[in-house]
Amino acid sequence: MAEIYSNETDGYVYNYVTDTWANVRDDEEGSHVSSSAHYWSRSIRTFHTSGRGGDTYYVGRSFFAFDTSGISLTPSEATLKIFGYGNGDGDVIAVKATKPDLSTGIVAADFDAIIGFIAGASMNGNVIDYSSRVGTWSTTAYNDITLNGTALSDMRSKSVFSVCLVEYDHDYLNSAPSGADFDSGCWFADEESTGKDPYIDYTPGVAAADNATFFGANF
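Here we summarise the structure given alongside this text. (Residues numbered from 1 in each chain as written. Predicted model: local features only at pLDDT ≥ 70, side-chain atom pairs only at ≥ 80, totals over all residues. Heavy atoms only, no water.)

## Things to note about the overall build of the protein
Thinking step 1. Helix and strand counts for the protein come out as four helices and 11 strands.
Thinking step 2. Relative to the compact-globule value of 17 Å for 219 residues, the protein shows a C-alpha radius of gyration of 19 Å, a close match.
Thinking step 3. Taking the principal axes of its C-alpha atoms as reference, the protein extends roughly 80 × 35 × 30 Å.
Thinking step 4. Taking all 219 residues of the protein together, 47% fall into the buried category. (Helix = DSSP H or I, 4+ residues; strand = E, 2+ residues; numbered from the N terminus. Rg over C-alpha atoms; globule rule 2.2 N^0.38 Å. Buried < 20%, exposed > 50% of the residue type's maximum accessible area, 1.4 Å probe, protein only.)

## Quick look at the environment of E28
Thinking step 1. Turning to its location among the elements, E28 is positioned in the loop between α1 (21-25) and β3 (32-34).
Thinking step 2. By relative accessible area, which is 58% here, E28 ends up exposed.
Thinking step 3. E28 sits 80 residues away from A108 along the chain, and the two C-alpha atoms are 8.6 Å apart.
Thinking step 4. Residue contacts for E28: discarding those within four places in its chain leaves A108, A109, F111 and D112. (Contact = heavy atoms within 4.5 Å.)

## Describing a negative patch on the surface
Thinking step 1. Where like charges cluster on the molecular surface, the negative patch consists of D19, D27, E28 and E29.
Thinking step 2. Residue classification places D27 among the partly exposed positions, given a relative accessible area of 32%. (Patch = residues over 30% accessible without salt bridge, like charges linked within 9 Å, V, L, I, M, F, W, Y side chains within 5 Å. Areas by Shrake-Rupley, 256 points an atom, 1.4 Å probe, with all protein chains shown as cover. Salt bridge = Lys/Arg side-chain N within 4 Å of Asp/Glu carboxyl O. Lys, Arg positive; Asp, Glu negative; His and termini not counted. Charge placed at Lys NZ, Arg CZ, Asp CG, Glu CD.)

## Considerations on the pattern of salt bridges
Thinking step 1. Considering all chains together, one arrives at 11 salt bridges under this definition.
Thinking step 2. Between R25 and D171 there is a salt bridge, with its nearest N and O atoms 3.4 Å apart. Here the residue R25 occupies a position in helix α1, and D171 occupies one in helix α3 (residues 168-172), the gap between them amounting to 146 residues. One exposure class covers both R25 and D171, and it is buried.
Thinking step 3. We note a salt bridge from D144 to K81, for which the minimum N-O separation is 2.8 Å. Of this pair, D144 sits in strand β8 (residues 142-146) while K81 sits in strand β6 (residues 77-88); the two residues are 63 residues apart in sequence, bridging distant segments of the chain.
Thinking step 4. Accessibility expressed as a relative area gives 46% for D144, which makes it partly exposed.

## Quick word on helix α2 (residues 149-157)
Thinking step 1. Looking at α2, one finds that the buried residues are A151, L152, D154 and M155. Projection of α2 onto a plane perpendicular to its axis shows the buried side chains occupying an angular sector of 165°, all on one side.
Thinking step 2. Structurally, α2 contributes buried residues whose contacts are with β6, β7 (92-96), β9 (160-167) and β11 (199-203).
Thinking step 3. For α2, the side-chain oxygen to backbone nitrogen distance between the N-cap and T150 is 3.2 Å, and the N-cap itself is N148. (Arc of directions from axis to C-beta. Polar contact = N/O pair within 3.5 Å; in protein donor to acceptor, adjacent residues only side chain to side chain.)

## Side note on the nonpolar core
Thinking step 1. Counting 31 residues, the largest nonpolar core has L80, W137, L147, M155, F161, L165 and I200 as its most contacted members.
Thinking step 2. In this structure, I200 is in contact with A2, E3, I4, F66, A78, T79, L80, L147, M155 and F161, ignoring residues within four places of it in sequence. (Core = buried A, V, L, I, M, F, W, Y, C linked by side-chain atoms within 4.5 Å.)

## Considering the side chain of N143
Thinking step 1. When you line up the elements, N143 lands in strand β8.
Thinking step 2. Within the structure, the side chain of N143 is placed 2.6 Å from the backbone nitrogen of S138, a separation counted as a polar contact.
Thinking step 3. Contact partners of N143, with chain neighbours within four places excluded, come to L80, K81, I82, F83, G84, T136, W137 and S138.

## Quick word on the side chain of S34
Thinking step 1. Note on placement: S34 falls in strand β3.
Thinking step 2. At a separation of 3.3 Å, a polar atom in the side chain of S34 contacts the main-chain amide nitrogen of S36.
Thinking step 3. Polar side-chain contacts of S34 include one of 3.1 Å to the backbone nitrogen of A37.

## Considerations on the packing of aromatic side chains
Thinking step 1. Applying the stated rule across the entire model yields 17 aromatic pairs.
Thinking step 2. With 4.5 Å between their ring centres and 15° between their planes, Y14 and Y58 make a pair best called stacked. Here Y14, found in strand β2 (residues 11-18), pairs with Y58, found in strand β5 (residues 54-67); they are 44 residues apart in sequence, far enough to count as distant.
Thinking step 3. Exposure remark for Y14: the relative accessible area of 12% places this residue in the buried category.
Thinking step 4. Residue Y58 is classed as buried on the basis of its relative accessible area of 2%. (Phe/Tyr/Trp six-rings, centres within 6.5 Å; stacked < 30°, edge-to-face > 60°.)

In structure tokens form, the structure reads like this:
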């Protein structure tokens, strides 16, 4: 097995506004952002509350970048390892993102930096999934997110592997939450040690054997 740790440009963006679900979830820019946090308990979240001022919604997404420039063969398997923190009440899915890269941290305008994201539509069938839905989330250990074949291929073909974690039941499916809090927290690469840093554990690919090596060029 081999490991690649997330770059310190990783981070979270969330939108927390008194407005309609559609306007909050589909906004092109978040209301809060951090690319230097060590952790955040609500980094992957949807939430709704109603008060005198109207409905308030929260949508939080977390973004990670991995330097995959050294991978020349498609890994046979890979697991995204995210150490949980604080809250573990929401289901999670990994999708393909356009940010961050290895030099620029997450900014508020990266809230919708998800390939295939369409305002007003479910992500299901539009974005590029890197995993299946993760239905349990530990807040005291690493959470294992098995990466699919599309992710494995991108790890080989791209110098930067960018991934976003979103809450599944409401943000991913575009279904407004009603009065409940669905959130999962995590640690980021700015943690001082590697004890809780996000990383990918993968099995390197193996080059196909050249039969000529064994039988000669004229076998």
